[in-house]
Amino acid sequence: MSIDKFNTIESPAVPLPIENVDTDQIIPARFLKATTRDGFGENLFRDWRYDKGGQPIADFVLNNSTFTGEILVGGKNFGSGSSREHAAWAIHDYGFKVVVSSFFADIFKNNALNNGLLPVQVSDKFLASIFKAIEKDPATLLKVDLVKQEIKLLATGESESFHINSYKKECLLNGYDDIDYLLNIKEKIAQFEQTRT
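Observations regarding the overall build of the protein chain
Here comes step 1: For the protein chain, the helix and strand inventory stands at eight helices and seven strands.
Here comes step 2: Taking 16 Å as the expected radius of gyration for a compact globule of 197 residues, we find that the protein chain reaches 18 Å, a close match to that expectation.
Here comes step 3: Dimensions of the protein chain, computed from C-alpha atoms along their principal axes, come out at roughly 65 × 45 × 25 Å.
Here comes step 4: Within the protein chain, the proportion of its 197 residues that are buried is 44%.
Here comes step 5: Accessible surface, the protein chain: about 10,600 Å² in total, of which carbon and sulfur atoms supply 49%.

Quick word on helix H4 (residues 106-114)
Here comes step 1: Turning to H4, its buried residues are Phe108, Lys109, Asn111, Ala112 and Leu113.
Here comes step 2: On its buried face, H4 is in contact with helix H1 (23-26), helix H3 (86-94), strand S4 (118-121) and helix H6 (166-174).
Here comes step 3: Gly116 lies just past H4 and shows a positive phi near 75 degrees.

Here's the deal with the pattern of salt bridges
Here comes step 1: Within this structure, the stated rule accounts for four salt bridges.
Here comes step 2: Of the charged contacts, one joins Asp24 and Arg84 as a salt bridge, the two residues approaching to 3.0 Å between their closest N and O atoms. Taken as a pair, Asp24 in helix H1 and Arg84 in the loop between strand S2 (71-74) and H3 lie far apart in primary sequence, 60 residues in all.
Here comes step 3: Accessibility expressed as a relative area gives 37% for Asp24, which makes it partly exposed.
Here comes step 4: Across the pair Asp47 and Arg30 runs a salt bridge whose closest N-O atoms are separated by 2.5 Å. Note that Asp47 is positioned in helix H2 (residues 46-49) and Arg30 in the loop between H1 and H2, a separation of 17 residues in sequence.

Looking at the environment of Gly95
Here comes step 1: Along the chain, Gly95 falls in the loop between H3 and strand S3 (98-101).
Here comes step 2: You can call Gly95 partly exposed: its relative accessible area is 27%.
Here comes step 3: For the pair Gly95 and Leu117, spaced 22 residues apart in sequence, the C-alpha separation works out to 9.9 Å.

Some thoughts on the sheet that holds strand S7 (residues 159-161)
Here comes step 1: The sheet built from seven strands is open, its strands ordered S4-S3-S2-S1-S5-S6-S7 with mixed pairing. Each edge of the open sheet is held by one strand with a lone partner, namely S4 and S7. Between one strand and the next, the sheet's axes are offset by a mean angle of 25 degrees, whatever the strand orientation.
Here comes step 2: Here strand S1 (residues 8-16) pairs with strand S5 (residues 141-145) via five bridges, running antiparallel. The residue bridging Pro12 from the neighbouring strand is Leu141, located in S5.

About the thresholds
Residues numbered from 1 in each chain as written. Predicted model: local features only at pLDDT ≥ 70, side-chain atom pairs only at ≥ 80, totals over all residues. Heavy atoms only, no water. Helix = DSSP H or I, 4+ residues; strand = E, 2+ residues; numbered from the N terminus. Rg over C-alpha atoms; globule rule 2.2 N^0.38 Å. Buried < 20%, exposed > 50% of the residue type's maximum accessible area, 1.4 Å probe, protein only. Areas by Shrake-Rupley, 256 points an atom, 1.4 Å probe, with all protein chains shown as cover. Contact = heavy atoms within 4.5 Å. Salt bridge = Lys/Arg side-chain N within 4 Å of Asp/Glu carboxyl O. Pairing = 2+ DSSP bridges. Axes fitted to C-alpha atoms, helices over the stretch in contact; angles between N-to-C directions.

This is the structure we're talking about:
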């Protein structure tokens, strides 16, 4: 499965200032029966977005048209809990390209990177600045530059660098999944094989 190429994005952000968001809250277990990756976005944060009668809960951020964009900003320890890859699928399928937090669960972070969703880990201080800027102006823009590995609040000029595994960075920049990457270097692999005794 190829993924979308990612280079730079400028977008408003959707704030979810809740700590310890786990994968069952991101996509409840009862929705994991599908055999393809499509359609999970409609059930993203299902039990927070809808009441038991299926009606939207007005004060949940995804039901508030004030907040839009391709960047989700979550609280500390985002993506904890079970290792379900469907959590990354649901966030990406909903339309988010980036998730920002001050800490990610390792398995969620890897699942996100494997599915074309960029997890950007920032300091607690910078995360607080982002939430404050969005509260002041919901249309405020964040710029995420994967080449420079930098996230910036355009309104204030505040920025921070972020870490990403160099292999996963190359994959995102080129739109490769693991198989695409291997196919791209197949000639180098063949040359290496010829040098072996």
